[in-house]
Amino acid sequence: YTLFAGSYPWPAQDVSLPGGRELHLVGSIHMGTRDMSPLPLRLLKKLRQADALIVEADVSLNDSPFRNLPVCAPLDERLSELQMAELEKRALELGLSLSILTTQPLWQIAMVLQASQAQQLGLRPDYGIDFQLLRAARREQVKIIELEGTADQIALLRDLDDGGMALLEDSLSHWNTNARLLQLMVSWWLERPPTQNSMALPNTFSEPLDDVLMHQRKQRWSERLRQLPPGRYVVAVGALHLYGSGNLAERLK
């Protein structure tokens, strides 16, 4: 195992695994700004030379992962007055109608809030790094491998305790930190990437959620990546998985 921090103008690390497997780990953002497109030419060249592009899930497919979700009790039966007030405040800020959300699972409401917050900051899904890489891979006929797939990601969210109450609470209580984190990750692409992989990042998840949504997933990914056949791979995962303690590169050791 060898880790090269590399001198790339985007957030990335090169990892060499025994058995001739070369990984170029790219810190992706799932929604990006217009100036994050097109992707750097050096990155596109790496993609062309790769045996496969590896992503968390193929987000360029048009199927909606949110079909066939359970209809839940109205929100005022599931949330306290304080939680309702906080949710109403954020929905109003974002121009979201609570009536549309009222029977959705709590984890789904959290996802809608986070996506709307990103859009309010000027981010769009089609400028997301993984989305752009997926489009380029199809264009160059580079094989695409999913680490999870959207169905598995939705299953993970559906299995959260209390219908995802902790995810909704964390989204609301860390609202401003989330916004700063998004802007920080955009700056890694537009200005300069972080210089080292164990930088301290603000935590926006409670410990049990952090375990399920970050630690356990990175562990599964590192096991999958260690089983790859020899070759060169571009691996795009959320930028927060590449930095901080217990990041993906550290786990690959």
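Residues numbered from 1 in each chain as written. Predicted model: local features only at pLDDT ≥ 70, side-chain atom pairs only at ≥ 80, totals over all residues. Heavy atoms only, no water.

(A) Layout of the nonpolar core. Within the largest apolar cluster, 50 residues are counted, with the highest numbers of intra-cluster contacts made by L23, L25 and L225. Ranked by size, the runner-up nonpolar core spans 25 residues in total, among them L75, A91, L94 and L209. (Core = buried A, V, L, I, M, F, W, Y, C linked by side-chain atoms within 4.5 Å. Buried < 20%, exposed > 50% of the residue type's maximum accessible area, 1.4 Å probe, protein only.)

(B) Representation of the environment of I145 in the model. Inspection of the secondary structure assignment puts I145 in strand β5 (residues 143-146). Accessibility expressed as a relative area gives 16% for I145, which makes it buried. Considered as a pair, I145 and V235 are 90 residues apart in the sequence and their alpha carbons are 9.2 Å apart. With sequence-adjacent residues up to four places away left out, I145 is seen in contact with A52, L53, I54, V55, R224 and L228. (Helix = DSSP H or I, 4+ residues; strand = E, 2+ residues; numbered from the N terminus. Contact = heavy atoms within 4.5 Å.)

(C) Spotlight on the packing of helix α5 (residues 106-120) against helix α8 (residues 165-173). Orientation of α5 relative to α8, taken along the N-to-C sense of each, is 25 degrees, at an axis distance of 7 Å. For the element pair α5 / α8, the angle class is roughly parallel. The element α5 and its partner α8 pack so that their crossing is left-handed. Residue-level inspection shows L106, W107, I109, A110, M111, L113 and Q114 of α5 in contact with α8, the latter providing M165, L167, L168, S171 and L172. For the contact of α5 with α8, the class distribution of residues is 10 nonpolar, 2 polar and no charged. (Axes fitted to C-alpha atoms, helices over the stretch in contact; angles between N-to-C directions. Parallel < 35°, antiparallel > 145°, perpendicular 65-115°, else oblique. Left-handed = near helix turned anticlockwise from the far one by under 90°. Nonpolar A, V, L, I, M, F, W, Y, C, P; charged D, E, K, R; others polar.)

(D) Looking closely at the side chain of S171. Positionally, S171 belongs in helix α8. Owing to a relative accessible area of 1%, S171 belongs among the buried residues under this scheme.

(E) Fine view of the packing of α5 against helix α9 (residues 175-190). Contact geometry of α5 with α9 gives a least axis separation of 10 Å together with a crossing angle of 50 degrees. In terms of orientation, α5 lies oblique with respect to α9. In this structure, α5 crosses over α9, and the sense of that crossing is right-handed. Residues L113, Q117 and A118 of α5 lie in contact with α9, whose contacting residues are W175, N178, A179 and L182. Considering only residue class, the contact of α5 with α9 consists of 5 nonpolar, 2 polar and no charged.

None of the figures reported here should be taken as evidence of function without further support.
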